[in-house]
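Here are the chains, one letter per residue:
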Amino acid sequence: MQSITRHIITGVLTVIPLFVTVWIVWFVVDMLIWTGRPATLALSGMVRPTSPEAADLILAGWFQSGLALLLVLIFLYVLGRVANAVVGRRFLGMVDRLVDAVPLARTIYGATRTLIRSMGGDGVAAGQRVVLIEFPSRDMRVVGIVTRIFPATEDQPELATVYVPTTPNPTSGFVEIVPTSRLTWLDWSKNDAMAFIVSGGSMSPDTFPINWPEDIRRPIIPSDAQAGSARNPEPQTGQ
């Protein structure tokens, strides 16, 4: 019976990573298809007067989904090329100024843009800002990404704003303000940090550069009496 249970658990642990990967990919593809469907409807309306058969084919379920995905990917590619060009940068600057004129949209757009840019990993460890911070307690560490540095003043030390993503969804998390002297800087790229967080820590190096306090590094060996008490706890009686 134990062998059967062990094999079932092994099978579940084998399927979970594949299931999560398929779910995330399916979610992204479904969002792209949903974004491109209006374009397929417009294209079908344009060709219907001259070719009703082609219009009906465009509206067919499988064909419409594939065409919508293709149109969105082409649009994103062209948008990326334009955004990297001089003209595209000027256009994006105009969009930024336009959004800045709307109070609520300015706050949401600016915060989202800053977060995405700060978390955008290029796969290169040089210039990285991946750190370990003491969170949620002194004897625990968590991976975070530094999004801003505040210079030291007469009243306070140099501070860092650290975004701490949560597992398995790194788009939600915590924002901590930590003195830079309390940070442990890692030679990781942001892609490495995201892989570590999404995988629940399974994709990680063998060691971490942490100077643990002496009382933590020293293993606690329970006495025979303590071990026996842990194995056979005494029943609690009501007061």
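Cut-off values and rules
- Residues numbered from 1 in each chain as written.
- Predicted model: local features only at pLDDT ≥ 70, side-chain atom pairs only at ≥ 80, totals over all residues.
- Heavy atoms only, no water.
- Helix = DSSP H or I, 4+ residues; strand = E, 2+ residues; numbered from the N terminus.
- Buried < 20%, exposed > 50% of the residue type's maximum accessible area, 1.4 Å probe, protein only.
- Areas by Shrake-Rupley, 256 points an atom, 1.4 Å probe, with all protein chains shown as cover.
- Pairing = 2+ DSSP bridges.
- Contact = heavy atoms within 4.5 Å.
- Axes fitted to C-alpha atoms, helices over the stretch in contact; angles between N-to-C directions.
- Salt bridge = Lys/Arg side-chain N within 4 Å of Asp/Glu carboxyl O.
- Expected span 1.5 Å × (residues − 1).
- Core = buried A, V, L, I, M, F, W, Y, C linked by side-chain atoms within 4.5 Å.
- Phe/Tyr/Trp six-rings, centres within 6.5 Å; stacked < 30°, edge-to-face > 60°.

Draft legend 1. Focus on the overall build of the protein. A count of helical and extended segments in the protein gives 8 helices and 5 strands. Of the regular secondary structure in the protein, the N- to C-terminal order runs α-α-α-α-α-β-β-β-β-β-α-α-α. When the 239 residues of the protein are sorted by exposure, 22% land in the buried category. Working note: accessible area of the protein is about 17,700 Å², and carbon and sulfur atoms make up 65% of it.

Draft legend 2. Highlighting the sheet that holds strand β4 (residues 173–179). If you walk across this open sheet you meet the 5 strands as β4-β3-β2-β1-β5, and the pairing is antiparallel. Every interior strand has two partners, whereas the edge strands, β4 and β5 (184–185), have only one. Together, β1 (130–134), β2 (141–150) and β3 (159–165) form the strand contacts of helix α6 (residues 190–198), whose direction differs from that of β2 by roughly 145°.

Draft legend 3. Expanded view of the pattern of salt bridges. Within the structure shown, the criterion is met by 3 salt bridges. Ionic pairing is found between E134 and R141, a salt bridge with its closest N-O pair at 3.9 Å. The partly exposed category is assigned to E134, whose relative accessible area is 30%. Across the pair E134 and R182 runs a salt bridge, and its minimum N-O distance is 2.6 Å. Linking E134 in strand β1 with R182 in the loop between β4 and β5, this pair joins segments that are 48 residues apart in sequence. Taking relative accessible area as the criterion, R182 reaches 44% and is therefore assigned partly exposed. Members of the salt-bridge network, linked through shared partners, are E134, R141 and R182.

Draft legend 4. Helix α1 (residues 2–47), seen in detail. Relative to the 68 Å expected for 46 residues at 1.5 Å per residue, α1 spans 64 Å between its end C-alpha atoms, a close match to the ideal helical length. All of the buried residues along α1 are L32, I33, G36, T40 and S44. For α1, the elements touching its buried residues are α2 (52–59) and α3 (61–84).

Draft legend 5. Spotlight on the pairing of β2. Where β1 and β2 come together, 5 bridges link them in antiparallel fashion. Across the sheet, V130 pairs through a bridge with I145, a residue of β2. What sits between the antiparallel neighbours β1 and β2 is a turn of 6 residues. Inspection of the sheet shows β2 paired to β3 by 5 bridges, in the antiparallel sense. Paired with F150 across the bridge in β3 is L159.

Draft legend 6. Spotlight on the nonpolar core. Within the largest apolar cluster, 10 residues are counted, these being V130, L132, V143, I145, L186, W188, A193, M194, F196 and I197. The set of elements that each furnish at least two residues to this core consists of β1, β2 and α6. It is α6 that contributes the most residues to this core, 4 residues altogether. Beyond its immediate sequence surroundings of up to four residues, V130 is in contact with V143, G144, T184, W185, L186, W188, S189, K190 and A193.

Draft legend 7. Quick peek at the packing of aromatic side chains. If you walk through the whole model with that rule in mind, you get 4 aromatic pairs. Each ring, one from W23 and one from F27, has its centre 6.0 Å from the other, and the planes form 20°; the classification is stacked. Taken together, the residues W23 and F27, both in helix α1 and 4 residues apart, mark about one turn of the helix. Note on W23: relative accessible area 54%, which makes it exposed. On the basis of relative accessibility, which here comes to 46%, the residue F27 falls in the partly exposed class.

Draft legend 8. Focus on the pairing of β1. Extensive coverage of β1 is indicated by the burial of 4 of its 5 residues. Examined bridge by bridge, β1 and β5 share 2 bridges and lie antiparallel to one another. Pairing of V131 across the sheet is with W185, part of β5.

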